[in-house]
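Each chain is listed here by its residues.
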Amino acid sequence: MLDIKFIRDNTDLVKKAVELKNLSLSIDDLLKIDNDLLEKKRIQQALQEKRNAHSKKIPKASAEERPALIEEGRKIGQDLDALKPEVSSLEEQLKEMLYRVPNIPAEDAPVGKDENDNVEIEKGGELPNFSFKPRDHVEILELNNWAEFEKIGKVCGSRSYSLRNEMVLLEMATHRMALEKLKAKGFNLVSTPALAREHALVGTGHFPEGRDQVYYLPEDDLYLSGTAEVQPNSLHGGDIRKEEDLPILYAGFSPCFRREAGSYGRDVRGLIRVHQFMKVEQYVICKNDPEESRKWHQALLETSLEIVKDLELPYRVVECCTGDMGTGKVKMFDVECWVPSEEKYRETHSCSALHEWQARRTNTRYRDKEGQVHHVHTLNNTAIATPRILVSILENHQNEDGSINLPKALRPFMGGLEKIKG
RNA sequence: GGAGAUGUGGCCGAGUGGUCGAAGGCAGCACCUUGCUAAGGUGUCGUACGGUCUGACCGUACCGAGAGUUCGAAUCUCUCCAUCUCCGCCA
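## Considering the overall build of chain A
Item 1. For chain A, the helix and strand inventory stands at twelve helices and 18 strands.
Item 2. Expressed as a percentage of the 422 residues in chain A, the buried residues total 37%.
Item 3. Within chain A, counting contacts between residues at least 6 apart in sequence, those at least 24 apart form 73% of the total.

Shown next as structure tokens:
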């Protein structure tokens, strides 16, 4: 969410952002509503002032004077009541539109329409050169009895998977490795609920637009989060913290749920695109300073790259263009890991800077040393997400017999094994 | 799932229809004091929005959230949320 005053004062900039992000939203309509609302509110305030002054007279008035005064007060009340529906309707409309107003992309963000316009900015690791016919990850999993796909779908619905044996341990090892790294970097490790109330999802910006991607539990009026970013973001909502408290760093570990509505037929095979997965998410709350944000954005990206390098995976970093970065974001990088069977890189990490866009939604603020109150900046990035990362681990580190060489950094978390075989 | 209690400013806590944006205390901040001194005194001390002769000014709203009663609500009513206690169930 942007400050309404900012939208009033920088209308062209905001309109440009709507255009760059391919959104259909009329800023002129928004400003019209804002203007109408202001006008109505001024009238309302004047009436309230009148009412307050009037009702102060009544206790002092004599018994004879009172009935007339009360009658007059009732009339003011009626005028106010008449105004109320208009004001609240306009407020509702304005709020609904404000939630959809995009953040202004960074000046150096690549301009583009969709993911095809994303820009590769870094590449690392050696692509594997197999001396045998490599298997895809599904073949490897089945050969080793490391996963079950066929029957589990009947039990749990489409895009289900069930890891088995060494794969369960490997999954946990990747999370353990990531958590240890983040702990060493000063992050607070938190295992968060996946359940969330509606306002928490509005707070991150997943709502109102991404509603159809989120599982809803009507009996309890709760949602299943698609990321552990949701909970830390709302945790400090309404707070005014001290500047010394910042930055606040979280490594959120949680199950994640995504409906994947509209992606029927895409990546239906294997572990790439599933409804339920486990993720460690890096989450940063820092002070309101673009430089500070930029610094953290780089730091978050760096951590993900360390993890990918520790896993000895070929990777690349792309900077997402304006059309692909999402409504709330100022700047966004994806880290993608090589998938040999597809001969392409697949997104495994997503690193976003949102400035105060989320903080305005949750109303998370801090007081600086001069006593001024500001909204915080927030950032997030994947540390590790399974099972998707397992795809690259399995396929890149496979041997002819179907066994898997374990990257050195992972071995301490796998009982010292150098290799696994089902 | 059943029964009950509670929810006031950074914290503690008063307040049961008007004089309450809210006593008092603690913490914080500024200044003063320096023979009551690991202390004392004075002042200051929420947020948002609107207005403005842009003044440290005026107004409006906010006492868990929302709705209602009333000329007037922190105070009365309803709904929701959270916390605590007891019972039930349970990994």
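## Digging into the protein's contact with RNA strand B
Item 1. For RNA strand B, the set of nearby residues contains 17 residues, the closest of which are Gln48, Asn52, Ser55, Gly73 and Arg74.
Item 2. At nine residues, the largest contribution of residues to the surface near RNA strand B is made by helix α3 (residues 27-57).
Item 3. Here the residues of the surface near RNA strand B are counted per class, giving six nonpolar, seven polar and four charged.

## Some details on the pairing of strand β11 (residues 315-319)
Item 1. Of all the five residues making up β11, four are buried; the element is thus mostly covered by neighbouring parts of the structure.
Item 2. Looking at chain direction, strand β1 (residues 119-124) and β11 are connected through five bridges and run antiparallel. Looking at the pairing, Gly124 lines up with Tyr315 of β11.
Item 3. Of the strand pairs in this sheet, β11 and strand β12 (residues 331-339) are connected by five bridges, and their pairing is antiparallel. Residue pairing in the sheet places Glu319 in a bridge with Phe333 of β12.

## Description of the sheet that holds strand β10 (residues 276-286)
Item 1. One open sheet accounts for eight strands, arranged β1-β11-β12-β13-β16-β10-β9-β4; its pairing is mixed. This sheet does not close on itself; its edge strands, each paired only once, are β1 and β4 (188-191). Strand-to-strand twist in this sheet, taken as the mean axis angle between neighbours without regard to direction, amounts to 25 degrees.
Item 2. Sheet topology places β4 next to strand β9 (residues 248-257); four bridges connect them, and they run parallel.

## With respect to the packing of helix α7 (residues 166-184) against helix α10 (residues 290-310)
In a pair of packed helices, the angle between the axes and the distance between the axes together describe the arrangement.
Item 1. Look at α7 against α10: their axes get within 11 Å of each other, and the N-to-C directions meet at 140 degrees. Classed by the angle they form, the pair α7 and α10 counts as oblique. Considering the relative orientation of α7 and α10, their crossing is right-handed. Note on element contacts: α10 touches α7 through Thr303, Glu306, Ile307 and Asp310, opposite Met177, Ala178 and Lys181.

## Looking at the domain arrangement of chain A
Buried accessible area, meaning the area lost when the parts come together, often serves as the stated size of an interface.
Item 1. Each assigned domain of chain A is listed with its residue range as follows: domain 1 (4-98) and domain 2 (115-420).
Item 2. A straight line from the C-alpha centre of domain 1 to that of domain 2 covers 43 Å.

## Comments concerning the packing of α3 against helix α4 (residues 66-98)
Item 1. Across the interface, α3 lies against α4 with an axial gap of 9 Å and an inter-helix angle of 155 degrees. Taken together, the axes of α3 and α4 lie roughly antiparallel to each other. α3 and α4 meet at a crossing whose hand is left-handed.

## Re the nonpolar core
Item 1. Grouped together as the largest cluster of nonpolar side chains are 86 residues, with contacts concentrated most on Val284, Phe333 and Leu390.
Item 2. Counting contributing residues, this core receives three or more from each of domain 1 (4-98) and domain 2 (115-420).

## Details of the sheet that holds strand β15 (residues 373-375)
Item 1. Taken in spatial order, the three strands of this open sheet run β8-β14-β15, and their pairing is mixed. Both edges of this open sheet fall to β8 (240-242) and β15, since each of them pairs with a single strand only. Direction aside, the axes of adjacent strands within the sheet are offset by 35 degrees on average.
Item 2. In this structure, strand β14 (residues 365-367) lies alongside β15, joined through three bridges in antiparallel fashion. Residue pairing across strands places Tyr366 opposite His374, the latter belonging to β15.

About the thresholds
- Numbers given to residues run from 1 along each chain, matching the order in which its sequence is written.
- Written order decides the labels, with chains lettered from A and ligands numbered from 1.
- Note on the predicted model: pLDDT of at least 70 is required for a residue's local features to be given, and 80 or more for side-chain atom pairs to be given and counted; whole-chain, interface and lining totals, by contrast, use all residues.
- Secondary structure elements are taken from DSSP: a helix is a run of H or I of four residues or more, a strand is a run of E of two residues or more, and numbering for both begins at the N terminus.
- We call a residue exposed when 12 or fewer other C-beta atoms sit within 10 Å of its C-beta, buried when the count reaches 20 or more, and partly exposed for counts in between; the C-beta positions come from the backbone.
- Throughout, a residue-residue contact means that the two C-beta atoms, derived from backbone geometry, are no farther apart than 7 Å.
- Whether a residue is near a molecule or strand depends on its C-beta atom, generated from backbone atoms, being within 6 Å of that molecule or strand.
- For this classification, the nonpolar set comprises Ala, Val, Leu, Ile, Met, Phe, Trp, Tyr, Cys and Pro, the charged set comprises Asp, Glu, Lys and Arg, and every other residue, Gly included, is treated as polar.
- Note on pairing: two strands pair once DSSP finds at least 2 bridges between them.
- Lines fitted to C-alpha atoms define the axes, with helix axes restricted to the stretch in contact, and inter-axis angles between N-to-C directions lie between 0 and 180 degrees.
- The scheme is simple: roughly parallel for angles under 35 degrees, roughly antiparallel for over 145, roughly perpendicular for 65 to 115, oblique for anything else.
- Crossings are sorted by hand: turned counterclockwise from the far helix by less than a right angle, the near helix makes the crossing left-handed, and turned clockwise it makes it right-handed.
- Reported domain spans reflect what an automatic or database domain assignment gives.
- Each nonpolar core comprises buried Ala, Val, Leu, Ile, Met, Phe, Trp, Tyr and Cys residues, the members being joined through C-beta atoms within 7 Å.

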